[in-house]
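Structural description and commentary
Each chain is listed here by its residues.
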Amino acid sequence: MTARRTSARRAQPGGRIERHPILSAGGPATVEFRFAGRPLLAREGEVISSALYAAGVRIFGRHHRDGRPLGIYCVNGQCSQCTVLADGRPVKACMTVVRPGMRVEPVAGRPQLGADDRLPPSGPGIREVRVPVLVVGGGPAGISAAIELGRAGIRTLLIDDKQALGGKLTLQTHTFFGSVADCYAGTRGIDIAAILERDLAALPDVEVWLDASAVGIFEDRAVGVVRGGRYAVVRPEALLVAAGAREKALVFPGGDLPGVYGAGAFQTLVNRDLVRPTKRLFVLGGGNVGLIGAYHALQAGIEVVGLVEALPRCGGYKVHEDKIRRLGVPVWTSHTVLRAEGREELERVVTARVDERFRPVPGTERVYEVDTLLVAVGLSPVDEILQKARQYGMRAWAAGDSEEIAEASAAIFSGRIAGRRIAESFGVPVRAPEKWTQTAAVLRSKPGREVPFAPPAAAGRAVYPVIRCVQEIPCNPCTQVCPVGSISIPDGTITSPPVFAGDCLGCGRCAGICPGLAIVLVEEDHDPTRRTAVVTVPFEFGDDRLPRSGRVVTTGFEGEVVGAGRIAGVRQRADQDRRRLVRLEVPWDDRLRVAGFRVQEPPAEAAAAFDPALQDDPVICLCERVRRSEVVAAIRGGVRDLNQLKAAVRLGMGGCGGKRCMELVRRVFREEGIDPGEITPGTWRPLDREVPLAVFADVADAGDTTEDPK
Amino acid sequence: MSRAWDVVVIGAGSAGLPSALSLAERGLRVLVLDELPAAGQGQHKAAIGGVRATHSDPAKILLCQDSLRIFSTWKETYGDDIGWKRGGYCFPVFTEAVERSLQSILPIQKNAGLQIDWLGPEDIARLVPGIVTEGLRGGTYSPGDGQVSPLLFAVACERAAKSKGAEFRYREPVTAIERAGDRVTAVVTPQGRYPTEKVLVAAGARARQVGALLGLDVPVTPDSHEGGITGPVAPFLDPLVVDLRPGPEGKTANFYFGQNREGQIIFCYTPKELIVGEDRESTSEFLPIVARRLVSLIPRLRHLLVRRVWRGLYPMTPDGVIIVDTVQEVRGAYLAVGMCGQGFMLGPGVGRCVASVITEGRPTIAPDAYAAISFYRDFHKAQHEALK
């Protein structure tokens, strides 16, 4: 598949991504399996959910309470929306690798328990593992901590529930901010993961378990770990929880439709499994997660119909927002998704403007036809195990998002510091340098103030960079790559905007590395008649996204249309990691305004009319299908204890254990005018995720169900 | 609080909730106090919800027959669905010792009018699909027994009691029971003083502490049991199943499980060595042991997904028999305590009994049966209950 495409509109729904500007396409799909009797193919090692999405299957089953369709939601093993029957066993499609010949069936209602009563032979027994340090989570924080512990010579067990280390870094195809010296700024997340993993592999004191989930923590100071379908009881002297974050959700009608899911799910499908899950995407939330999700979608050849953010401005880095605007994605601030619509799957979203109290403004509704809504409305720490460990008197630490939600670069430092502190607690004198704490604080900082863009003093020279880094963010790669040292941050920090002063060789290294894509080069000597100039802009797409005509719509830094441009050439240097520099010939007067060009045209509104009479009672608890009205009735009936709410309406009683709804329900309390102080929180108990009884019984659960049900 | 209450019930759990309902139904002005934030949040919600009248102790048989009647007609009477399922209890038998023990009490149970019979191995295998048949000798089956959701019942029972005028106050630990001479005059919490001439102690695992406020030594000591629940599957198992064999791992005395109306399997075991104390945190030992026992008995259960585990307290008396009585030392004080882990199934029967004692001075069950659950019995004279 190398057909040249100029528009994502021609992309097929479902299907696999055969070309990607950053990632290499996976191998061919050769593993035969069946879904509802239909023969399908999966890639080697692919999970069921991705293989089904690649085949265009988005409905995996129907809920036993109301028969509504179910599909993916978290794609992270946390919820149970994607449950299917694989060879007769209920499994999570997102965590179960397709085996050759596997018979996958949708779950219609409650699954039938297969009638196979041959007890498989017992395993070797449940392992008891005593280890000085257990690190839960092999993302940037967990790996960084384990590296420090390994270097300090402390025996450490690092577990991660995925098939590969790196955590969410493995989904981050974009280059990172931060400091080049300290945390690989300017390097892509996927490559940072590989660097960290390599550093870790050199340390003999660190043992790594992949496909290993911490499913519970128990008062005898044991962590239950399911690794590759086997159970182990790990008794660490010290515990580091670096389990990352989970995505927050939002309550709106239709939020339960297949096609509505989180950014993590989306990135997993697109960037890990190279599956194209959507043709037309809408994004809810203008934080970094939503903005980057939109960017990744564009790179995967998906049309991004729009992005809404309820706040008056996006919470993510301005450069992330601006780069998707430049590519042709409309970003509407002070807007929200009013509801999602569709009979069986998402077909359209209705947006509306919101007032300063976030109430939708009647008459501002707009309808967009999309098949997928990416919900990116914030993250919350995964720290239940940490809280329990502390309650049980264990030596427990947190790092990364489990400690505080921040960027991966901050997580690296947080992990390093935690690793050193744990090592110190074992008597190894490896105090973390004071500078680390300061760097960690800088990296954790939220986007800072904006400084007005100053037109370059260099204008008039033959060639010079235009740096539109107008917001204080911790980042410095541009200052490190200029071969003649002409770019610097005057106050010596890594947060203030950099300044160009001195010579420019026109090499383009600055434009090639800026993670925010905020630097372009202007060549004034291109046209002696000064009718045109060349603006060289960074471009992280393949040639297939360049129009054959060479004609493009140029856009200014914040995405405003400037005019017409012509592609005069494409440069790619070996040191420009999968990024191209596109030379645009533009009218002379546009030379200081052009910062990019569109890869998609802003979409039209759907013809479908908005029906204000249409009201739906949104689902709050997806697992047990508890609707908002039931919760409101319970609250008005006097319920203030979340445990009682669980008993009364079953909210939070499902497979995910309330990970999503327990936070949502607090909002309903607030909307009902209940003081948060009156609310008794729900009790957290193991398990953190559902586990087959076979695992605890130490008998095989797979591959033994081939006999026909009697 | 100037208003006087006819009776104050201390504890909104398995015994207190239905007692409050029965008292309110008799027209009394009832106040229920609980130190926790909501109904049934103590040990009540840790119950697995099995309800059987097929005991060997006469008082328990009679009280649970009453409970069964109330649970099974709850929806018709009070309107709320409490997850009632009449699936019976089945005790499959693999050893001669257990067979002898169960067979020996069958006549007593039948004499008490209980619907229970000995079934052969084929019938048991039909009743408990997938049960291992090797060594299966048969077992007892009592189709009239059943299951209820303790979670739904707490909500429903509180609602029913409120509709009859009972009031509930939560997060109010009782700090004193005031007396004038030998009469109760009021119940005191940090939030208020509630005048009353009658107080019912239904304080579950806290019975000893609350009893001390009356100057009584209530011999209730909690020990703990762990339980767990799976995700739902299509209904396939009607009865609650009790395997009385001690576990081969040497840590369990027996274990039991059933499929609730949601389709979830709910399970529990009795530890061989009782774990005394109020600790309610889960241990790493429970799941491997119980999983092994479950899949060894019914291999297909291995595919079930374990969803949650918890640990609850059995408020135990020295002889393992409950206490329902009028306090003699303090006029106006009553006890419904020491439910020994069966408070949920006993609750409605106990509630009706205690309400009858409070309002009419006589129990709902036969005098000799009632005497056996007296607070004034000799707790250290071993009473052998064959079928605990």
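All figures in this text were calculated on a predicted structure; none of them were measured in a lab.

Topic: the overall build of chain B
Assigned secondary structure in chain B consists of 10 helices and 20 strands. Computed over C-alpha atoms, the radius of gyration of chain B comes to 21 Å, within 12% of the 21 Å expected from 2.2 N^0.38 for 388 residues, which places it in the range of a compact globule. Taking the principal axes of its C-alpha atoms as reference, chain B extends roughly 65 × 40 × 40 Å. Looking at chain B residue by residue over its 388 residues, the buried ones come to 64%. Expressed as a percentage of contacts within chain B between residues at least 6 apart in sequence, the contacts between residues at least 24 apart total 72%. For chain B, the exposed area adds up to about 13,700 Å²; of that, 51% sits on carbon and sulfur atoms.

Focus: the overall build of chain A
Looking only at helices and strands, chain A features 16 helices and 36 strands. Over its C-alpha atoms chain A spans a radius of gyration of 26 Å, differing by no more than 12% from the 27 Å that the globule rule assigns to 710 residues. Along the first, second and third principal axes, the C-alpha set of chain A runs to 85 × 65 × 55 Å. When each of the 710 residues of chain A is scored for burial, the buried share is 61%. Sequence-distant contacts, at least 24 apart, represent 67% of the contacts inside chain A between residues at least 6 apart. For chain A, the accessible surface area stands at approximately 26,600 Å², while carbon and sulfur atoms represent 50% of it. For chain A, the centre of its 93 positive side-chain charges and the centre of its 85 negative side-chain charges are spaced 2 Å apart.

Some remarks on the packing of aromatic side chains
Per the counting criterion, the structure on display carries 22 aromatic pairs over all chains. Ring centres of Tyr53(A) and Phe60(A) lie 6.2 Å apart, and the angle between their planes is 75°; this geometry places the pair in the edge-to-face category. Grouping residues by exposure puts Tyr53(A) and Phe60(A) together as buried. Cluster of aromatic residues (ring-pair linked, three or more members): Phe71(B), Trp74(B), Tyr78(B), Phe153(B) and Phe344(B). Looking at Arg326(A), its charged tip hangs above the ring of Phe557(A), at a distance of 4.6 Å from the centre. Residue placement shows Arg468(A) over the ring face of Phe453(A); its charged tip is 4.2 Å from the ring centre.

A look at the domain arrangement of chain B
Residues and elements named next belong to chain B. Under the domain assignment, chain B is made up of domain 1 (7-74 + 150-220 + 319-387) and domain 2 (86-146 + 224-311). Spacing between the C-alpha centres of domain 1 and domain 2 amounts to 28 Å. In this assembly, 23 residues from domain 1 lie in contact with 26 residues from domain 2. Buried area between domain 1 and domain 2, both sides added, is near 1,700 Å², and the carbon and sulfur share of it is 61%. Counting every contact that joins domain 1 to domain 2 gives 1 salt bridge. Salt-bridge contacts for Glu278 lead to Arg206; the nearest nitrogen and oxygen are separated by 3.4 Å. Inspection of the region where domain 1 meets domain 2 yields 9 residue pairs in polar contact (both at pLDDT 80 or more). Every element with two or more residues in the side of domain 1 that touches domain 2 is listed here: strand 3 (50-51) and helix 2 (58-72).

Points about empty space enclosed by the protein
Evaluated as defined, the whole model comprises 12 cavities of 30 Å³ or more. When its volume is computed, the largest cavity comes out at roughly 350 Å³. His64(A), Ser80(A), Thr83(A), Pro232(B) and Arg307(B) are the residues nearest the centre of the largest cavity, which is lined by 23 residues in total. Counted by class, the lining of the largest cavity contains 8 nonpolar, 10 polar and 5 charged residues.

Observations concerning unusual backbone geometry
Residue and element names in this part refer to chain A. The omega angle of the peptide bond from Pro686 to Leu687 is 5°, so this bond is cis rather than trans. Position of Leu687 relative to the elements: it lies in the loop between helix 15 (661-671) and strand 36 (691-692). We note that Phe358 has phi near 65°; this positive angle belongs to a residue other than glycine. You can see Phe358 is positioned in the loop between strand 20 (348-353) and strand 21 (366-369). We note that Arg530 has phi near 60°; this positive angle belongs to a residue other than glycine. Residue placement: Arg530 occurs in the loop between strand 28 (519-523) and strand 29 (532-539).

Some points on the nonpolar core
Core analysis: the biggest nonpolar cluster contains 121 residues, and Phe33(A), Ile48(A), Phe60(A), Leu584(A), Val631(A), Leu645(A) and Leu651(A) have the highest contact counts within it. For this core, the leading source of residues is helix 15 of chain A, giving 6 residues. By size, the runner-up hydrophobic cluster in this structure holds 77 residues, among which are Ala154(B), Met345(B), Val357(B) and Ile358(B).

Comments concerning the sheet that holds strand 12 (residues 199-201) of chain B
All names here are of chain B. Pairing in this open sheet of 6 strands is mixed, and the strands run 8-2-1-12-20-19 from one edge to the other. Looking at which strands have only one partner, the edges of the open sheet turn out to be strand 8 (167-169) and strand 19 (323-326). Each adjacent strand pair in this sheet contributes to an overall mean axis angle of 20°, direction not counted. As paired elements, strand 1 (residues 7-10) and strand 2 (residues 30-33) share 4 bridges and run parallel to each other. Looking at the pairing, Val9 lines up with Val32 of strand 2. With respect to the sheet, helix 9 (residues 343-360) is in contact with strand 1, strand 12, strand 19 and strand 20 (333-337), its orientation differing from that of strand 20 by roughly 170°.

Digging into the pattern of salt bridges
Counting across every chain of the model gives 77 salt bridges over all chains. Close ionic contact of Arg65(A) with Glu624(A) constitutes a salt bridge, the shortest N to O distance being 2.3 Å. In this pair, Arg65(A) is assigned in the loop between strand 3 (61-62) and strand 4 (69-70) and Glu624(A) in the loop between strand 34 (619-621) and strand 35 (626-627), connecting sequence segments 559 residues apart. By relative accessible area, which is 5% here, Glu624(A) ends up buried. The salt bridge involving Glu99(B) is made with Arg137(B); its shortest N-O contact spans 2.6 Å. Of the two residues, Glu99(B) is situated in helix 4 (residues 96-111) and Arg137(B) in the loop between helix 5 (121-127) and strand 6 (138-142); the sequence distance between them amounts to 38 residues.

Regarding the sheet that holds strand 19 (residues 335-341) of chain A
All names here are of chain A. Read across the sheet, 3 strands follow the order 19-20-21 without closing on themselves; strand pairing throughout is antiparallel. Strands at the two margins of the open sheet, each flanked by one partner only, are strand 19 and strand 21. Each neighbouring strand pair of the sheet contributes to a mean axis angle of 30°, computed without reference to strand direction.

Parameters and conventions
Residues numbered from 1 in each chain as written. Chains lettered and ligands numbered in written order. Predicted model: local features only at pLDDT ≥ 70, side-chain atom pairs only at ≥ 80, totals over all residues. Heavy atoms only, no water. Helix = DSSP H or I, 4+ residues; strand = E, 2+ residues; numbered from the N terminus. Rg over C-alpha atoms; globule rule 2.2 N^0.38 Å. Buried < 20%, exposed > 50% of the residue type's maximum accessible area, 1.4 Å probe, protein only. Contact = heavy atoms within 4.5 Å. Areas by Shrake-Rupley, 256 points an atom, 1.4 Å probe, with all protein chains shown as cover. Lys, Arg positive; Asp, Glu negative; His and termini not counted. Charge placed at Lys NZ, Arg CZ, Asp CG, Glu CD. Phe/Tyr/Trp six-rings, centres within 6.5 Å; stacked < 30°, edge-to-face > 60°. Lys NZ or Arg CZ within 6 Å of the ring centre and 35° of its normal. Domains from an automatic or database assignment. Buried area = accessible area lost by both parts, 1.4 Å probe. Salt bridge = Lys/Arg side-chain N within 4 Å of Asp/Glu carboxyl O. Polar contact = N/O pair within 3.5 Å; in protein donor to acceptor, adjacent residues only side chain to side chain. 1 Å grid on protein atoms, 1.4 Å probe; cavity = no way out; pocket = protein on both sides within 12 Å on 5 of 7 lines; lining within 4 Å. Points joined across faces, edges and corners; volume = space filled by probe spheres on them. Nonpolar A, V, L, I, M, F, W, Y, C, P; charged D, E, K, R; others polar. Core = buried A, V, L, I, M, F, W, Y, C linked by side-chain atoms within 4.5 Å. Pairing = 2+ DSSP bridges. Axes fitted to C-alpha atoms, helices over the stretch in contact; angles between N-to-C directions.

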